[in-house]
Amino acid sequence: MEIFDQVAEKMRSDLAEARSAIQHPGLKGASFEEVFRRFLRSYLPATLDISTGIIVDSAGRSSRQIDVIISDAAKTPIFYRSGDTRVVPVESVYSVIEVKATLDSRELERAFENMKSVRALRKTGYEIENGPIVRSKTLYRRKWDTWPTSYFVFAFDSISLDELVS
């Protein structure tokens, strides 16, 4: 378990460096998000793209700005790219993560609104295959024709869970 402690300590160190070097709230938040994306890139397979940006569907709907988008690096058409910022189709998105320096009830509500904007998007770009082999995924005790988007909140710090849920 020592390796996990070392990884966690490296992330804490990167966060402390950003906290001490940057005073502007917007820049500080963007820096925290970059620390987290850099962490994910270090430990997730290279077949995944770790970005920030907006997710779109074929009906022209789009999400709010998402802190971390985890998508298929090999099969994702990228409609826009600038640095870490992307506009990607919802069909290629595996997961979204909202990053918070400190999670409180107000920040949790904001994260929830961002996630609802992703959940409203429809994965219609897939053609469901008919034939002898039926492909589906079972997740959360439900069968899915396409991989469902997972939603997470990552916080470097938080109020107590009792306060958060009240």
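S.K.: What should I look at first to understand the pairing of strand β5 (residues 93–103) in this one?
M.R.: Side-chain direction in a regular strand flips from residue to residue, so the side chains alternate between the two faces of the sheet. Of all eleven residues in β5, eight are buried, a share of seventy percent or more. In terms of strand pairing, strand β2 (residues 66–72) meets β5 through four bridges, oriented antiparallel. The residue of β5 that forms the bridge with V68 is I97. In this structure, β5 lies alongside strand β8 (residues 150–158), joined through eight bridges in parallel fashion. In the strand pairing of β8, S95 is matched with S150.

S.K.: Would you mind showing me how to read the sheet that holds strand β1 (residues 48–56) here?
M.R.: Strand pairing in a sheet takes place through backbone hydrogen bonds and is either antiparallel or parallel in direction. Taking strand neighbours across the sheet as the criterion, the six strands line up as β3-β4-β1-β2-β5-β8 in an open arrangement whose pairing is mixed. Across the chains shown, the open sheet's two edge strands, defined by having one partner strand only, are β3 (80–82) and β8. With strand direction ignored, the average angle separating the axes of adjacent strands in the sheet is 40°.

S.K.: What should I look at first to understand the side chain of D67 in this one?
M.R.: Relative to the helices and strands, D67 is located in strand β2. No salt bridge forms around the buried D67; measuring N to O, its nearest opposite-charge neighbour K100 is 4.5 Å away. Residues within four places of D67 in sequence aside, it is in contact with E33, R37, S51, T52, I97, E98 and V99.

S.K.: How should the pattern of salt bridges be read in this particular structure?
M.R.: By the definition in use, this model includes ten salt bridges. Here E34 ties to R37 by a salt bridge, and the two come within 3.2 Å at their closest N and O atoms. On the criterion of helical spacing, the pair formed by E34 and R37 is a turn pair, its members being three residues apart in helix α2 (residues 25–43). Residue classification places E34 among the partly exposed residues on the basis of a relative accessible area of 23%. Judged by its relative accessible area of 5%, R37 is buried.

S.K.: What is the right way to look at the environment of A30 in this model?
M.R.: Examined against the element boundaries, A30 turns out to sit in helix α2. Each C-alpha atom, one on A30 and one on V99, is 9.3 Å from the other, the two residues being 69 residues apart in sequence.

S.K.: Would you mind showing me how to read the environment of R122 here?
M.R.: By secondary structure assignment, the location of R122 is in the loop between α3 (105–119) and β6 (137–139). In the structure, R122 is positioned 65 residues away from D57 in sequence and 6.1 Å away in space, judged by C-alpha atoms. Sequence-distant contacts of R122, that is, excluding residues within four places in its chain, are made with D57, R61, V90 and E91. Polar contacts involving the side chain of R122 include one to the main-chain carbonyl oxygen of R119, which spans 3.2 Å.

S.K.: Would you mind showing me how to read the nonpolar core here?
M.R.: The tendency in soluble globular proteins is for nonpolar side chains to be buried as a group. Counting residues in each nonpolar core, the largest one holds twelve residues, listed as M11, L15, F32, V35, F36, L40, I50, V68, I70, I97, V99 and F156. Sorting the residues of this core by element identifies α1 (2–21), α2, β2 and β5 as the ones contributing at least two each. Formed by nine residues, the second largest nonpolar core is a distinct cluster that contains I55, I66, V90 and V118.

How each quantity is defined
- Residues numbered from 1 in each chain as written.
- Predicted model: local features only at pLDDT ≥ 70, side-chain atom pairs only at ≥ 80, totals over all residues.
- Heavy atoms only, no water.
- Buried < 20%, exposed > 50% of the residue type's maximum accessible area, 1.4 Å probe, protein only.
- Helix = DSSP H or I, 4+ residues; strand = E, 2+ residues; numbered from the N terminus.
- Pairing = 2+ DSSP bridges.
- Axes fitted to C-alpha atoms, helices over the stretch in contact; angles between N-to-C directions.
- Lys, Arg positive; Asp, Glu negative; His and termini not counted.
- Salt bridge = Lys/Arg side-chain N within 4 Å of Asp/Glu carboxyl O.
- Contact = heavy atoms within 4.5 Å.
- Polar contact = N/O pair within 3.5 Å; in protein donor to acceptor, adjacent residues only side chain to side chain.
- Core = buried A, V, L, I, M, F, W, Y, C linked by side-chain atoms within 4.5 Å.

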